[in-house]
Amino acid sequence: MLRTGLRWKLSAAIAAVGALVALTLSVVVHNAARYSMLSNARDLADERVQIAQRNYETSGRTNFPGIKIDDPDLPKDLLAKATAGRRATYVADGPSGVPDIWAAVPLKDGRILSLHTGFTDRSAAVLDDLDEALLIGSIAVVFGGCALGVLIGGQLSRRLRKAATAARQVAQGETDVRVRDAIGGLVRDETDDLVRAVDAMADALSQRLEAERRVTADIAHELRTPVTGLLTAAELLPPGRPTELVRDRAQAMRTLVEDVLEVARLDSASERAELQDIMLGEFVTRRVAARDAGIKVLVVHESQVTTDPRRLERVLINLLVNAAKHGRPPIEVTVEGRVIRVRDHGPGFPEELLAEGPSRFRTGSKDRAGHGHGLGLTIAAGQARVLGARLTFRNVRPVGVPEHVPAEGAVAVLWLPEHAPTNTGSYPMLPE
């Protein structure tokens with residue numbers, strides 16, 4: 001479908017209305033001016049024929065050019081009125097399109113004295129000049145309407161685009177964004193109704209999310225003690241396969257409770273990074289080796305970064321666990337400057353994750369699911385936000401291969417910022 005901007009629609013509408021009004025006024029003014037000029041010409045012809053009548057009846061001679069007695073070319077309608085004893089004027093269309101002015105009056109001897117003149121060249125020139133001025137004025141009105149439509153539509157379109165951008169930010173989870181602050185300005189129009197509705201929705205959504213976060217955190221916190229007790233009691237059970245199953249499930253439950261508490265803390269946006277200077281390549285190499293010595297780490301370019309080592313390790317370990325659980329070996333970790341890449345050779349990330357990002361309690365597609373509770377990548381993305389980093393996901397496919405062909409691996413890329421966040425969560429001012 002053809003998509004046009006609001007400013008162009010308003011511009012076209014105003015231009016169309018302006019053109020219609022200008023055309024109507026031009027026709028009215030042209031006809032009024034022509035009627036006025038013809039009326040003046042008829043009055044002048046009437047006065048001249050009266051003077052010619054008096055002179056003819058006095059001296060027996062005609063003293064005006066165009067005066068004739070019993071003119072055979074006299075129009076029939078005018079001849080009928082003059083024959084009936086009435087003085088009259090008549091306008092007829094000439095052969096060249098210029099109006100012919102006729103005037104006739106009956107004489108005492110029964111004959112008819114008439115005057116035949118044409119529309120003067122001066123009057124025709126004035127009418128042509130008027131038509132030209134009306135045409136120029138109409139074009140100016142159309143272009144002025146277009147400019148006015150672009151101006152008004154541009155302001156309205158700009159406000160709507162800012163409102164849409166702010167609404168998208170709210171939809172992406174930035175519940176502190178308000179449309180009223182985004183559009184700004186002193187203009188008050190119907191967009192304010194939309195702004196108030198979206199802001200009210202954002203407030204309600206923020207309150208609901210905060211209430212859900214509190215409930216989730218409270219439930220997880222209350223489960224912490226009994227789960228810890230369950231895990232302790234499991235240690236007292238006699239050795240055997242049932243005991244191992246109980247311990248395994250109790251440990252999984254404890255991990256889940258801790259992850260839920262961590263997600264709740266990250267959702268509250270109250271987490272702050274504790275910054276240190278580290279050599280990124282060396283740090284990643286040691287942490288990966290401690291996790292799994294079989295994973296290959298390639299440091300392409302070493303760099304010093306300012307970040308929170310504990311949170312960075314949490315992100316890195318979660319990416320490795322996800323690759324080991326849902327992908328296939330070999331798992332490769334690459335460090336290049338401030339960028340960390342974790343790649344596996346499994347079926348790739350599910351399309352939902354690539355399109356929408358990590359979602360809690362969603363473990364992926366059938367090829368990449370079946371284990372875990374789906375909080376690993378959610379926590380990794382949340383910790384990356386606290387670090388001011390950007391975490392992206394993509395699948396590895398050869399060039400030119402269709403989308404329906406299975407991927408040859410998944411890559412998670414962590415981009416650490418050049419300027420780390422301060423302990424207040426903001427970013428330091430860059431020097432001029």
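Residues numbered from 1 in each chain as written. Predicted model: local features only at pLDDT ≥ 70, side-chain atom pairs only at ≥ 80, totals over all residues. Heavy atoms only, no water.

With an unreviewed UniProt entry as reference, the chain is termed histidine kinase, source organism Streptomyces xiangluensis. UniProt's Subcellular location (unreviewed entry) comment on the chain is quoted here verbatim: "Cell membrane". UniProt's Catalytic activity (unreviewed entry) comment on the chain is quoted here verbatim: "ATP + protein L-histidine = ADP + protein N-phospho-L-histidine." (UniProt positions renumbered as here; feature names shortened; annotations may be inferred.)

S.K.: Go over the overall build of the chain with me, naming the residues and quoting the values.
M.R.: Summing up its helical and strand segments, the chain has 10 helices and 11 strands in all. Relative to its 432 residues, the chain shows a buried fraction of 34%. Across the chain, contacts joining residues at least 24 apart in sequence account for 63% of those joining residues at least 6 apart. Taken as a whole, the chain presents about 26,200 Å² of accessible surface, with 57% of it coming from carbon and sulfur. (Helix = DSSP H or I, 4+ residues; strand = E, 2+ residues; numbered from the N terminus. Buried < 20%, exposed > 50% of the residue type's maximum accessible area, 1.4 Å probe, protein only. Contact = heavy atoms within 4.5 Å. Areas by Shrake-Rupley, 256 points an atom, 1.4 Å probe, with all protein chains shown as cover.)

S.K.: Outline the sheet that holds strand 3 (residues 99-106), supporting the account with residue identities and numerical values.
M.R.: Spatially, the four strands line up as an open sheet ordered 1-4-3-2, and their pairing is antiparallel. The open sheet has two edge strands, strand 1 (67-69) and strand 2 (88-93), and neither has a second partner. In this sheet, adjacent strand axes meet at a mean angle of 25 degrees when their direction is disregarded. Bridging between strand 1 and strand 4 (residues 112-118) involves three bridges; their strand directions are antiparallel. The residue of strand 4 that forms the bridge with Lys68 is Ser114. (Pairing = 2+ DSSP bridges. Axes fitted to C-alpha atoms, helices over the stretch in contact; angles between N-to-C directions.)

S.K.: Can you explain the packing of aromatic side chains? Please cite residues and give values.
M.R.: This model, assessed by the stated rule, comprises one aromatic pair. Lying over the aromatic face of Trp415, Arg390 brings its terminal NZ or CZ to 4.9 Å of the ring centre. (Phe/Tyr/Trp six-rings, centres within 6.5 Å; stacked < 30°, edge-to-face > 60°. Lys NZ or Arg CZ within 6 Å of the ring centre and 35° of its normal.)

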